[in-house]
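# Observations on chain architecture
Chain residues, written in single-letter form:
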Amino acid sequence: MVHILFICLGNICRSPLAEEVFRTLAERGGREKDFEIDSAGLIDYHEGELADERMRRTAARRGYRLTHRSRPVTAADFRRFDYIVAMDAANLRGLARLRPAEAKAEVVLLADYLTRHASSSIPDPYYGTAADFEHVVDLCEDACAELLCRLA
Ligand code: 4NP
């Protein structure tokens, strides 16, 4: 069993989407039992909330139903998860500040797994347009497919 945690700032746009895209791809490949998949945020402003309505609507049109409730990442997550997958460089800096001494998690950047798009991050769509939310789905589908392959 591989334990994988997707991280973004608010845990209401990018990481709940990435979580559900990865889960769907794993299910399609008959590999859902190989993974524990979750997501969390660096801030707790949205704790307990469903994903942002714009993200849920865009995801639904693309076949993903987002039911995750926002939660902040904890020091315990660094012990429980094998991989912590961040969306951008600011997430990496936030995670580095939280990382406890006895962590096991390998922290990686989702954009490093892109094969069909060239982007150094999964950009924050929160203050963006409908096209920005659509782009997050495109990027997450691309990178999560490659991440799943590499974790084979
Ligand atoms: P996320 O997007 O990190 O992809 O969930 C954001 C959500 C909320 C905020 C910023 C980014 N916020 O500032 O509340």
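In this convention, every chain numbers its residues from 1, walking through the sequence in written order. Reporting of local features is limited, given that this is a predicted model, to residues whose pLDDT is at least 70; pairs of side-chain atoms are given and counted only at 80 or more, and all residues count toward the totals for whole chains, interfaces and linings. As a rule here, side-chain values come from all non-hydrogen atoms in the structure, and water together with hydrogens is ignored.

## Concerning helix α4 (residues 89-98)
All of the buried residues in α4 are N91, G94 and L95. The buried side chains of α4 occupy one side of the element, clustering within an arc of 100 degrees when seen end-on. Away from its buried face, by an angle of more than 90 degrees, α4 presents the exposed residues R93, A96 and R97. Each element contacted by the buried residues of α4 is listed here: β1 (2-8), α1 (14-28), α3 (77-80), β3 (83-86) and β4 (106-109). Side-chain atoms alone can form a polar contact between residues adjacent in sequence; in general such a contact is a pair of N or O atoms within 3.5 Å, and within protein one must be able to donate a hydrogen while the other accepts it. Secondary structure counts use DSSP, requiring at least four H or I residues in a row for a helix and at least two E residues in a row for a strand, with both numbered from the N terminus. Among the residues of α4, the N-terminal cap falls to D88, whose side-chain oxygen and the backbone nitrogen of A90 are separated by 3.2 Å. Only protein chains enter the area calculation, which uses a 1.4 Å probe; residues under 20% of their type maximum are buried, those over 50% are exposed, and those in between are partly exposed. Each C-beta atom gives one direction from the helix axis, and the arc is the one those directions make. The criterion used for residue contact is that any of the two residues' heavy atoms lie within 4.5 Å.

## Details of the environment of L66
In this structure, L66 sits in the loop between α2 (53-61) and α3. Residue classification places L66 among the buried positions, given a relative accessible area of 8%.

## Concerning the nonpolar core
Here, nonpolar core refers to any group of buried Ala, Val, Leu, Ile, Met, Phe, Trp, Tyr and Cys residues whose side-chain atoms link them within 4.5 Å. Counting 36 residues, the largest nonpolar core has I4, F6, L17, F22, L110 and L147 as its most contacted members. Sorting the residues of this core by element identifies β1, α1, β2 (35-41), α2 and α5 (130-150) as the ones contributing at least two each. The element best represented in this core is α5, accounting for 9 residues. Those residues in contact with L17 that lie beyond four places of it in its chain are M55, A59, L66, V136, V137 and C140. I7, V73, I84 and L95 belong to the second-largest nonpolar core, a separate cluster that totals 12 residues.

## A few points about the site of the ligand
Consider each residue's heavy atoms; a residue with any of them within 4 Å of a molecule or strand counts as near. The immediate surroundings of the ligand are formed by C8, L9, G10, N11, I12, C13, R14, H46, D124 and Y126. Within the backbone of G10, one N or O atom sits 2.9 Å away from an oxygen atom of the ligand. The side chain of D124 places a nitrogen or oxygen atom 3.3 Å from an oxygen atom of the ligand. The nonpolar class holds Ala, Val, Leu, Ile, Met, Phe, Trp, Tyr, Cys and Pro. Asp, Glu, Lys and Arg form the charged class, and all remaining residues, Gly among them, are polar. Taken together, the residues of the shell around the ligand break down into 5 nonpolar, 3 polar and 2 charged.

## Focus: the sheet that holds β3
Between any two strands, at least two bridges found by DSSP are needed for them to pair. Taken in spatial order, the 4 strands make up an open sheet running β2-β1-β3-β4, and their pairing is parallel. If you trace the sheet from one side to the other, it starts and ends with β2 and β4, each paired once. When the angles between neighbouring strand axes are averaged without regard to direction, this sheet yields 25 degrees. With 4 bridges joining them, β1 and β3 adopt parallel strand pairing. Across the sheet, the residue bridging to I4 is Y83, located in β3. Each axis is a line fitted through C-alpha atoms, taken for helices only over the stretch in contact, and angles between the N-to-C directions span 0 to 180 degrees.

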